[in-house]
Amino acid sequence: MVTPVSTETIPLAPKVLLHDHLDGGLRPETVIELAREVGYRKLPHEDPRALGRWFAEAADSGSLERYLETFSHTVAVMQTRDALVRVATECVEDLADDGVVYAEVRYAPELFQEGGLTLDEIVQAVQDGFREGERRVAASGRWIRIGTLLAAMRQNARSAEIAELAVRYRDAEVVGFDIAGPEAGFPPTRNLDAFEYLRQQNAHFTIHAGEAFGLPSIWEALQHCGTERLGHGVRIVDDIKVDGDGSVHLGRLASYVRDRRIPLEMCPSSNLQTGAAPSIAEHPIGLLARLRFRVTVNTDNRLMSHCSMSSEFATLHETFGYGWADMQWFTVNAMKSSFLGFDERLDVINNIIKPGYATLIG
Ligand SMILES: O=c1[nH]cnc2c1ncn2[C@@H]1O[C@H](CO)[C@@H](O)[C@H]1O
Ligand SMILES: [Zn+2]
């Protein structure tokens, strides 16, 4: 029997998440408790519900720069080893509760040094938290695996150092590298040495591109930097023309992205808040999925964007009518595009994702 698609059943489906920021996914109550512990007094609210609402509203600003300002509060309470372990552990528990089976969670270690932690101490703390979270989930009879992406901030000049850090921890579940932060004015080519180094080390990376800036950012990320995936990539639609009669014309860059199966880490709710898309109905994900680009669905920042993988899927179900087969397609796309080894990806697809959807489809 087919299980109906609803907000109650979507959490049961196995999901894969490639684009989730650790400092964008804290529980509001954890932000409040950690702020008390470290004496941080600038939180706009002391009540978890009010604080959660504040983050979502403040981030709903129409600009990426203003969206990013809200991170000052989460980053402020993540400056100790204990805080990092706790936030990472809870992140894994929350993702597992949402039915996520594999996630690549990213953060910028350089942001957590205000309390004197070294980059290595920061990475070790977060990895310890992720492993603790995986153990707790396993103890509850479920399964989840977390791969870490280390990000460098575009506006800082530390990408070479962070790329080396990512390679140093590649055998401890750090599976790749990213650059994040304001896109306009900070083209990815500012970090060419980091990308060159990563390629020479046969290491994986993705780049936030085509979110707050258009095609040149995507083109540089792909053709100068050699990115394997695109964080967001929504503006690739600027290279696609749809005629009145419905016929579609792809420009050379859009063709390249589709032909080479470049994964797009799309984050619909986040894109509405930063102004990268006007509404879910008009979000490029509809067209790009129809054209069979390698589209994946992601949360970006569960706190600021007030979402989960299940809520993103539910919204897409309501707007575009996507059912279990479509959700399985997004999920397999994501797993194929992950930075795990080929055999590990196949294992998750064949032994977890496909059987999970088969149960729902009946
Ligand atoms: O959508 C986004 N685009 C660009 N940068 C982002 C986005 N979401 C979060 N961050 C930035 O990434 C840092 C590391 O996790 C966060 O502190 C935030 O500044
Ligand atoms: Zn992001």
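Note that the coordinates shown come from a computational prediction; the quantities given were computed from them, not determined experimentally.

Student: Help me understand the UniProt feature "site: Important for catalytic activity" (unreviewed entry) in the protein in this model?
Tutor: Per the UniProt record, "site: Important for catalytic activity" (unreviewed entry) is found at H232. Inspection of the secondary structure puts H232 in strand β6 (residues 229–232). What makes H232 buried here is the crowd of 29 C-beta atoms within 10 Å. Setting aside its immediate chain neighbours within four residues, H232 contacts H208, G210, E211, E265, M266, C267, N271 and A276.

Student: It is not clear to me how the packing of helix α14 (residues 324–337) against helix α15 (residues 342–361) should be interpreted in this structure. Could you clarify?
Tutor: Packing of α14 against α15 leaves a shortest axis separation of 10 Å and a crossing angle of 170 degrees. Considered as vectors, α14 and α15 are oriented roughly antiparallel to each other. Across the interface between the two elements, W324, Q328, T331, V332, M335 and K336 of α14 pack against R345, V348, I349, I353, Y357, L360 and I361 of α15. Per-class residue counts for the contact of α14 with α15 are 9 nonpolar, 2 polar and 2 charged.

Student: Can you help me understand the UniProt feature "active site" (unreviewed entry) in the protein in this one?
Tutor: In this numbering, the UniProt entry assigns the feature "active site" (unreviewed entry) to E211. In this structure, E211 sits in the loop between β5 (206–209) and α9 (215–224). Take E211: there are 28 C-beta atoms within 10 Å of it, and that puts it in the buried class. With residues up to four places along the chain from it excluded, the contact list for E211 reads L64, E183, G231, H232, V234, T274 and A276.

Student: Would you take a moment to explain the site of ligand 1 for this structure?
Tutor: Lining the immediate surroundings of ligand 1 are 19 residues, of which H21, L68, F71, A108 and A180 lie closest. Every element with two or more residues in the shell around ligand 1 is listed here: α3 (64–69), α4 (71–76) and β2 (100–107). A class-by-class count of the residues in the shell around ligand 1 yields 9 nonpolar, 6 polar and 4 charged.

Student: Just to check I follow, could you spell out the nonpolar core for this structure?
Tutor: Ranked by internal contacts, the top residues of the largest apolar core, which has 106 residues, are L84, A88, V92 and V126. For L84, the contacting residues outside a window of four places in its chain are M78, F112, I122, A125, V126 and G129.

Student: How do you make sense of the environment of Q113 when you look at a structure like this?
Tutor: If you trace the backbone, Q113 turns up in the loop between β2 and α6 (119–139). Along the backbone, Q113 and M78 are 35 residues apart, and their C-alpha atoms lie at a distance of 9.2 Å.

Student: How should the sheet that holds strand β4 (residues 174–180) be read in this particular structure?
Tutor: Strand pairs in the sheet, formed through backbone hydrogen bonds, run parallel or antiparallel to each other. The strand order β1-β2-β3-β4 describes an open sheet built from 4 strands, whose pairing is parallel. Edge positions in the sheet fall to β1 (15–21) and β4, since each of these pairs with one other strand and no more. In this sheet, adjacent strand axes meet at a mean angle of 25 degrees when their direction is disregarded. Pairing of strand β3 (residues 145–153) with β4 involves 6 bridges; the strand directions are parallel. Residue pairing across strands places L150 opposite F177, the latter belonging to β4. Against the sheet, α14 makes contact with β1 and β2, and its axis sits at roughly 60 degrees relative to β1, the strand it touches most.

Student: Sorry if this is basic, but what is going on with the pairing of β6 here?
Tutor: Regular strands show a simple pattern: their side chains alternate between the two faces of the sheet. Looking at chain direction, β5 and β6 are connected through 4 bridges and run parallel. Looking at β6, one finds that H208 is bridged to G231. Considered for its hand, the β-α-β crossover made up of β5, α9 and β6 is right-handed. Two elements, β6 and strand β9 (residues 264–266), share 2 bridges in a ladder whose sense is parallel. In the strand pairing of β9, L230 is matched with L264.

Student: Would you take a moment to explain the packing of helix α1 (residues 28–38) against helix α2 (residues 48–59) for this structure?
Tutor: Each pair of packed helices can be described by the angle between their axes along with the distance between the axes. One way to put it is that α1 packs onto α2 with a least axis distance of 8 Å and a crossing angle of 110 degrees. In terms of orientation, α1 lies roughly perpendicular with respect to α2. Contacts between α1 and α2 involve P28, E29, V31 and I32 from the former and P48, L51 and G52 from the latter. Its residues assigned to classes, the contact of α1 with α2 comprises 5 nonpolar, 1 polar and 1 charged.

Student: Hey, could you run me through the pairing of β4 in this one?
Tutor: Counting buried residues along β4, 7 of its 7 residues qualify, which places the element largely inside the surrounding structure. In terms of handedness, the path from β3 via helix α7 (residues 159–168) over to β4 forms a crossover that is right-handed.

Rules of the game
- Residues numbered from 1 in each chain as written.
- Chains lettered and ligands numbered in written order.
- Predicted model: local features only at pLDDT ≥ 70, side-chain atom pairs only at ≥ 80, totals over all residues.
- UniProt positions renumbered as here; feature names shortened; annotations may be inferred.
- Helix = DSSP H or I, 4+ residues; strand = E, 2+ residues; numbered from the N terminus.
- Buried ≥ 20, exposed ≤ 12 C-beta atoms within 10 Å, placed from the backbone.
- Contact = placed C-beta atoms within 7 Å.
- Axes fitted to C-alpha atoms, helices over the stretch in contact; angles between N-to-C directions.
- Parallel < 35°, antiparallel > 145°, perpendicular 65-115°, else oblique.
- Nonpolar A, V, L, I, M, F, W, Y, C, P; charged D, E, K, R; others polar.
- Near = placed C-beta within 6 Å.
- Core = buried A, V, L, I, M, F, W, Y, C linked by C-beta atoms within 7 Å.
- Pairing = 2+ DSSP bridges.
- Right-handed = clockwise from strand over helix to strand, strands pointing away.

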